[in-house]
Amino acid sequence: MEDRFDIAIIGSGPAGLSAAINAKIRNKKIIVFGSRDLSNKLLKAPKINNYLGFYDISGVELKEKFKQHIDHLGIEITYERINNVYAMGDYFALMVNDKMYEATALVLATGMESSKLLKGEEEFLGKGVGYCATCDAPLYKGKVVTIIGYNREAEEEANYVNELAGKLYYIPMYRKDMKLDQNIEIVNDIPVEVVGEDHVQSLKTKKGELTTDAIFVLKDSISPAQLVPGLAIENEHIKVDRNMSTNLKGCFAAGDCVGRPYQYIKAAGEGLIAGQSAVAYVDSQKNK
Ligand SMILES: Cc1cc2nc3c(=O)[nH]c(=O)nc-3n(C[C@H](O)[C@H](O)[C@H](O)COP(=O)(O)OP(=O)(O)OC[C@H]3O[C@@H](n4cnc5c(N)ncnc54)[C@H](O)[C@@H]3O)c2cc1C
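For clarity, every value in this text was computed on a predicted model and none was experimentally measured.

### Examining helix α1 (residues 14-25)
Stage number 1. An ideal rise of 1.5 Å per residue puts 16 Å on 12 residues; α1 measures up with 16 Å between its terminal C-alpha atoms.
Stage number 2. The buried count for α1 comes to 10 of 12 residues, which makes it a mostly enclosed element.
Stage number 3. If you check which residues of α1 are buried, you get Pro 14, Ala 15, Gly 16, Leu 17, Ser 18, Ala 19, Ala 20, Ile 21, Asn 22 and Ala 23.
Stage number 4. Buried residues along α1 sit against β1 (5-10), β2 (30-33), α3 (59-72), β3 (77-78), β6 (99-108) and α7 (264-286).
Stage number 5. Of the residues flanking the end of α1, it is Asn 27, one or two places downstream, whose phi is positive at about 65°.

Structure, rendered in structure tokens:
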């Protein structure tokens, strides 16, 4: 296929960007999915003293250095959230709502989500609980929808869903100026439990309870097992070998998502290996 990428990289933190620069330098056609801020975890770090070559740097400053580096190499980030990846044999299909991207090799660099699941979240997954509000919005036309948003991207989803939903509650799990449509009701509370019988009926919060038909939990990343069906997981992390290969042919992983310690330079080092392994895999496929 004409539009097929050599390597798709999911994640724009240090692991994903390191994979990206190493693949780009080797002249591969790449696409990097991620966020405008590169990584929320970079923004949050007040002082970093263990990234070799950058003593006493803030996360925001390191983010700027990363941004300058990828700009120099002409690498752009595609600001889209991948909902599902399917291994099709000799390529991967990456889904963003109803849009699809194809790539010969895949690098997963999605980071780790530290927040725990809500009580009842797993039980009601697919029965009113979801992780992609825009995908499922048509199901809830005219109904009451609650979005628990962990980042700024969630606001864009909320504004879109608001056009269809009868009523939208937005629970921000961060402190930031929010750009939300006026009729969205912001609930400054802590979600605790999803309640229902066959389907979601309400969301219990610390201070009360919201009656709702759907609850969307929009975090920086979803669990890799949900993202890529068939991916082998070991103790919450993606299982990899020393080449950063997963159990799926052509699929590599790097950074926090493959295990501890959760550190920038470890993520970048693993990203380098994953990027180079993906390049070698693409070359081996071309020379078949
Ligand atoms: C407050 C704080 C301070 C820290 N201080 C330090 C420190 O001083 N030194 C140190 O070494 N480490 C520190 N860390 C740890 C460091 O932030 C992480 O180890 C590092 O960010 C991991 O990089 P990563 O690339 O694996 O993942 P992340 O940086 O988490 O990046 C993951 C990226 O993937 C994207 N993503 C996930 N899923 C999808 C999807 N489905 N579609 C599209 N994009 C997706 C996310 O949006 C994000 O951009 C700190 C962390 C925190 C929270």
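Following the structure, the description resumes.
### Considering the packing of α1 against α3
A pair of packed helices can be characterised by two numbers: the angle between their axes and the separation between those axes.
Stage number 1. Relative orientation of the contacting elements α1 and α3 amounts to 20°, with a least axis distance of 11 Å. By the criterion of interaxial angle, the relationship of α1 to α3 is roughly parallel. The hand of the α1/α3 crossing is left-handed. The segment α1 lies against α3, with Pro 14, Leu 17 and Ile 21 engaging Phe 66, His 69 and Ile 70.
Stage number 2. Grouping the amino acids of the contact of α1 with α3 by side-chain chemistry returns five nonpolar, one polar and no charged.

### Some words on the nonpolar core
Stage number 1. Counting residues in each nonpolar core, the largest one holds 35 residues, and the members touching the most others are Ile 7, Leu 62 and Val 107.
Stage number 2. When residues of this core are traced back to their parent elements, those giving at least two are β1, α1, β2, α3, β6 and α7.
Stage number 3. Residues contacting Leu 62, with those up to four places away along its chain left out, are Leu 42, Ile 48, Tyr 51, Phe 54, Ile 57 and Tyr 264.
Stage number 4. Residues Phe 33, Val 96, Leu 248 and Cys 257 belong to the second largest nonpolar core, which totals 23 residues.

### A short note on the state of the cysteines
Stage number 1. The tally for this structure, following the rule as stated, stands at one disulfide.
Stage number 2. Disulfide pairing places Cys 132 opposite Cys 135 at an S-S distance of 2.0 Å. Taking the sign of the S-S torsion, about 80° here, the bridge from Cys 132 to Cys 135 comes out right-handed.
Stage number 3. Looking at Cys 135, the relative accessible area reads 33%, which means it is partly exposed.
Stage number 4. Free of any disulfide, Cys 251 has its nearest cysteine sulfur in Cys 257, 9.3 Å distant.
Stage number 5. Of the residues examined, Cys 251 reaches a relative accessible area of 0% and is grouped as buried.
Stage number 6. Under the relative-accessibility criterion, Cys 257 is labelled buried at 0%.

### Topic: the site of the ligand
Stage number 1. Taken together, 32 residues form the shell around the ligand, and within it Leu 38, Ser 39, Asn 50, Asp 256 and Tyr 264 come nearest.
Stage number 2. Between the ligand and Ile 82, the relevant distance is 2.9 Å, taken from a nitrogen atom to a main-chain nitrogen or oxygen of the residue.
Stage number 3. Contact between the ligand and Asp 220: a nitrogen atom at 3.3 Å from a main-chain N or O atom of the residue.
Stage number 4. In the complex, 87% of the free accessible area of the ligand, which totals 1000 Å², lies under the protein chains.
Stage number 5. Residue assignment for the shell around the ligand shows that the elements contributing at least two residues are α1, α2 (40-44) and α7.
Stage number 6. The residue inventory of the shell around the ligand, partitioned by class, reads 13 nonpolar, 12 polar and seven charged.

### So, the sheet that holds strand β13 (residues 209-211)
Stage number 1. Read from one edge of the open sheet, three strands run β11-β12-β13, paired in antiparallel fashion. With one partner strand each, in any of the chains shown, β11 (191-196) and β13 form the two edges of the open sheet. Between one strand axis and the next, the sheet turns by 25° as a mean value, whatever way the strands run.
Stage number 2. Inspection of the sheet shows β11 paired to strand β12 (residues 200-205) by five bridges, in the antiparallel sense. Bridge pairing in β12 links Gly 196 to Val 200.

### Topic: the sheet that holds strand β7 (residues 129-130)
Stage number 1. Strand order across the open sheet formed by five strands is β7-β14-β8-β9-β10, with parallel pairing between neighbours. Every interior strand has two partners, whereas the edge strands, β7 and β10 (185-186), have only one.
Stage number 2. Where strand β9 (residues 167-172) lies against β10, two bridges are found, and the strand directions are parallel. If you follow Tyr 169 over to β10, its bridge partner there is Glu 185.
Stage number 3. The sheet strands contacting helix α5 (residues 153-162) are β8 (144-149), β9 and β14 (214-218), and the helix crosses β9 at an angle near 170°.

What counts as what
- Residues numbered from 1 in each chain as written.
- Predicted model: local features only at pLDDT ≥ 70, side-chain atom pairs only at ≥ 80, totals over all residues.
- Heavy atoms only, no water.
- Helix = DSSP H or I, 4+ residues; strand = E, 2+ residues; numbered from the N terminus.
- Expected span 1.5 Å × (residues − 1).
- Buried < 20%, exposed > 50% of the residue type's maximum accessible area, 1.4 Å probe, protein only.
- Contact = heavy atoms within 4.5 Å.
- Axes fitted to C-alpha atoms, helices over the stretch in contact; angles between N-to-C directions.
- Parallel < 35°, antiparallel > 145°, perpendicular 65-115°, else oblique.
- Left-handed = near helix turned anticlockwise from the far one by under 90°.
- Nonpolar A, V, L, I, M, F, W, Y, C, P; charged D, E, K, R; others polar.
- Core = buried A, V, L, I, M, F, W, Y, C linked by side-chain atoms within 4.5 Å.
- Disulfide = S-S within 2.5 Å.
- Near = heavy atom within 4 Å.
- Polar contact = N/O pair within 3.5 Å; in protein donor to acceptor, adjacent residues only side chain to side chain.
- Areas by Shrake-Rupley, 256 points an atom, 1.4 Å probe, with all protein chains shown as cover.
- Pairing = 2+ DSSP bridges.

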